[in-house]
Each structure stands twice: as C-alpha cells, then as structure tokens.
Amino acid sequence: MAMHLSSWILLLLTACVFTCTCISNAATDNAAPSGSFSFKDNFDLTGAEDHFSTSPDGQVWYLSLDKKAGCGFQTRDRYRFGWFSMKLKLVGGDSAGVVTAYYMCSDLGAAPDRDELDFEFLGNRTGEPYTIQTNVYKGGVGNREMRHQLWFDPTEDFHTYSILWNNHQIGFFVDRVPIRVYKNNGKPNNFFPSDKPMYMLSSIWNADDWATRGGLEKTNWTHAPFVSSYKDFNADGCKWEDPYPKCVSTTGENWWDQYEAWALTDSQQEDSKWVWRNLVIYDYCKDYERFPKLPEECNL
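Residues numbered from 1 in each chain as written. Predicted model: local features only at pLDDT ≥ 70, side-chain atom pairs only at ≥ 80, totals over all residues. Heavy atoms only, no water.

A. Summary view of the overall build of the protein. Across its full length, the protein holds four helices and 15 strands. Looking at the protein as a whole, 54% of its 300 residues are labelled buried. Restricting to contacts in the protein with at least 6 residues of sequence separation, those with at least 24 account for 70%. As displayed, the protein offers around 13800 Å² of accessible surface, 50% of which is attributable to carbon and sulfur atoms. (Helix = DSSP H or I, 4+ residues; strand = E, 2+ residues; numbered from the N terminus. Buried < 20%, exposed > 50% of the residue type's maximum accessible area, 1.4 Å probe, protein only. Contact = heavy atoms within 4.5 Å. Areas by Shrake-Rupley, 256 points an atom, 1.4 Å probe, with all protein chains shown as cover.)

See below:
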C-alpha cells in the first residue's frame with residue numbers, strides 16, 4: 001500500500017536523528033563556487049517555445065506541459081567533467097504520468113550511441129511521494145536505473161539537484177546529499193561514460209505509458225498545464241573546445257578533479273548509508289529477474 005506523503009515525511013524525519021547533522025555538514029563538502037547563468041546567454045529552447053516563460057526578473061524559468069506539447073532547454077556549450085547543479089521545484093498536485101527530466105547528454109538528438117547521465121522526476125497522484133529515477137548511459141545503452149524517494153516534498157520549494165562527474169566517480173546529489181555514486185575507482189568500470197563531452201538539458205513531457213506505477217496511472221489532462229520551475233543553474237566544469245580542451249584528462253587544477261573529489265568524504269558516506277537504508281526503492285544491481293547475470297559494474 002502506498003504511503004501518503006505527510007506520513008512518509010514524518011517517518012523519515014523520525015528515522016533521521018543523526019542524519020540531519022550529516023546533511024547539514026554535507027553542504028560544506030566539496031563546495032562548488034556559487035554563480036548562476038542567464039538563460040538567454042547560455043541556453044537554447046527545445047520543443048514548444050510558447051510553453052516556456054520566466055519570472056519578471058528573468059531569474060526563474062518555467063517549463064509547461066499540456067496535451068498539445070511540452071518544452072525544454074539545453075546549454076549551448078558542452079562539458080567534460082565538473083560539477084553541474086540547478087534548483088528545481090517540481091509539478092505539484094496530481095502529476096501522475098508527467099516526467100521532469102534534468103540530465104546531461106553527449107548528443108542533442110538522442111543519438112543511438114549517446115552517453116547520458118539522468119535525473120528523472122516521476123510524477124504521482126496527489127498526496128503520494130515523488131520518485132526520482134537516475135540512470136547512466138554509455139554508447140546508447142542504459143538500463144542502469146536506480147529509484148529513490150525523498151525526505152521532503154519537492155513541490156513545495158526549490159531544492160538543488162547536482163551531478164559531480166570526473167574520471168573516478170559520477171555522483172548524483174540532492175541538496176548536496178549523495179543519493180547515488182557510480183564508481184570508476186579501484187577496478188576499472190568498463191561501463192563508465194568519460195570520453196564524450198555533454199550538454200546540460202531539461203524537459204517536461206508525458207510518459208504515462210510507464211512513469212507512474214508502471215503506466216497504470218494515466219495523466220489527468222484536466223489538471224494541465226503542468227509546470228516545473230528552475231533557477232540558479234551552475235556549471236563549474238571543463239568547457240569543451242574542439243579539437244579538445246586543456247582539461248581533457250586529470251590535471252588537479254579544479255576542485256572536482258582533485259583527489260578529495262575522487263570519492264565521498266566521511267560525512268558524505270554517512271549520508272549515503274542513510275539514503276540506502278531509507279530511500280532506495282529500486283536498484284538494477286539487485287534485480288536478478290531482469291538481469292540473471294548482473295552487469296559487470298555491480299561487482300565493483
């Protein structure tokens with residue numbers, strides 16, 4: 001039986017006696033420089049342009065979805081390694097079937113050999129918790145999904161969602177708390193995307209054939225338009241310049257490329273353990289029915 005959102009949050013807060021301290025400490029670990037990018041100088045629109053709007057000062061961006069169309073945006077620049085973050089407030093109310101995606105991708109047209117790092121926020125019926133799905137693609141192959149629930153309601157306020165990407169790990173962070181780490185240290189991970197520079201993108205779209213309860217819950221279009229909100233995009237990374245940038249490999253010049261960023265700090269590891277105990281609802285590395293022989297990186 002699904003748990004109502006208020007009960008879910010109360011349960012997590014009760015279970016989080018020591019973790020609250022860990023979470024506050026995590027905000028100071030591997031701190032990235034602050035700074036936002038203006039939309040008009042750094043992004044191009046995708047999809048229906050009339051479904052995009054901004055606040056009067058241009059600092060908050062809105063993507064909307066209705067039965068006719070959705071909308072998205074993408075950076076004009078590509079990056080290879082770095083720290084990439086944005087604050088999002090997700091669609092509130094009855095959002096079943098609606099997916100808000102915030103991700104990195106090596107190609108703009110979903111090329112068959114693309115590399116990709118995904119946050120996907122899967123909508124739900126009113127009062128039920130959101131699900132976050134993360135995924136990793138290499139050479140056009142994905143199937144590396146994990147799903148989490150959150151310790152807060154992501155529709156009530158803005159929260160920061162970040163990706164740390166270097167040659168040693170890919171970290172998915174929510175408010176600086178690591179919810180997933182995909183490693184390439186120790187034994188080599190042959191399914192680790194590191195060669196191709198990537199754009200940052202976001203979009204809102206209808207996925208009611210799979211997004212909510214495996215497609216059983218369909219989008220209720222009487223609640224449209226569905227609106228997701230964005231602000232404070234930050235890209236502290238290596239901007240790709242053909243034929244290749246100077247930081248194409250490890251140099252140690254940037255904090256996200258230094259030894260301390262090759263693995264989680266002690267406090268981040270405590271946060272990660274708490275996430276695993278309380279928030280993980282699906283891990284492909286534990287899905288033996290889907291993968292009778294687990295992908296190689298699951299043994300790392």
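B. How the structure looks around the nonpolar core. In this structure, Tyr161 and Trp165 are the most contacted members of the largest nonpolar core, which totals 60 residues. In terms of residue count, the dominant contributor to this core is strand 5 (residues 79–89) (six residues). One finds Ala101, Tyr103, Cys105 and Leu201 within the second-largest nonpolar core, a separate group that totals five residues. (Core = buried A, V, L, I, M, F, W, Y, C linked by side-chain atoms within 4.5 Å.)

C. Highlighting the sheet that holds strand 12 (residues 177–183). If you trace the seven strands from one edge of the open sheet to the other, you get 2-3-14-5-10-11-12, paired in antiparallel fashion. Where the open sheet ends on each side, the last strands, each with one partner, are strand 2 (52–54) and strand 12. Pairs of neighbouring strands in the sheet enclose a mean axial angle of 25°, with direction left out of account. In the sheet, strand 10 (residues 159–165) pairs with strand 11 (residues 169–174) via five bridges, with the strands oriented antiparallel. (Pairing = 2+ DSSP bridges. Axes fitted to C-alpha atoms, helices over the stretch in contact; angles between N-to-C directions.)

D. Fine view of the UniProt feature "active site" (unreviewed entry) in the protein. The UniProt feature table records "active site" (unreviewed entry) at Glu116 and Glu120. By secondary structure assignment, the location of Glu116 is in strand 7 (residues 116–122). By relative accessible area, Glu116 is classed as buried at 9%. Aside from chain neighbours lying at most four places away, what touches Glu116 is Tyr103, Met104, Cys105, Asn135, Val136, Tyr137 and Met198. A polar contact is formed between the side chain of Glu116 and the side chain of Arg114, at a distance of 2.7 Å. Here Glu120 is to be found in strand 7. Each residue touching Glu120, except ones within four places of it in the same chain, is listed here: Val99, Thr100, Ala101, Thr131, Ile132, Gln133, Trp205 and Trp210. (UniProt positions renumbered as here; feature names shortened; annotations may be inferred. Polar contact = N/O pair within 3.5 Å; in protein donor to acceptor, adjacent residues only side chain to side chain.)

E. Structural context of the sheet that holds strand 7. The eight strands lie next to each other as 1-4-13-6-7-8-9-15, forming an open sheet whose pairing is antiparallel. One side of each edge strand has no neighbouring strand; the edge strands of this open sheet are strand 1 (43–47) and strand 15 (280–283). Strand after strand, the sheet turns through a mean of 15° between neighbouring axes, direction not considered. The pairing of strand 6 (residues 98–105) with strand 13 (residues 199–206) spans eight bridges and is antiparallel. For Met104, the partnering residue across the bridge sits in strand 13 and is Met200. Each of strand 9 (146–148) and strand 15 is contacted by helix 4 (residues 266–278), which is oriented at about 85° to strand 15, the strand it contacts most.

F. Quick peek at the pairing of strand 11. With six of its six residues buried, strand 11 lies for the most part within the structure. Burial along strand 11 is two-sided: Gln169, Gly171 and Phe173 facing one way and Ile170, Phe172 and Val174 facing the other are all buried. Where strand 10 folds back onto strand 11 in an antiparallel hairpin, the turn is made up of three residues. Examined bridge by bridge, strand 11 and strand 12 share six bridges and lie antiparallel to one another. In the sheet register, Ile170 faces strand 12, and the bridge partner there is Tyr182. Between strand 11 and strand 12, which follow one another and run antiparallel, lie two residues, and Asp175 among them has a positive phi close to 50°.

G. Layout of the pairing of strand 8 (residues 131–137). Along strand 8, seven of the seven residues are buried, which leaves the element largely enclosed by surrounding structure. Burial along strand 8 is two-sided: the residues Thr131, Gln133, Asn135 and Tyr137 and Ile132, Thr134 and Val136 are all buried. Pairing between strand 7 and strand 8: seven bridges, direction antiparallel. The residue of strand 8 that forms the bridge with Leu117 is Val136. Where strand 8 meets strand 9, three bridges bridge the pair, whose relative direction is antiparallel.

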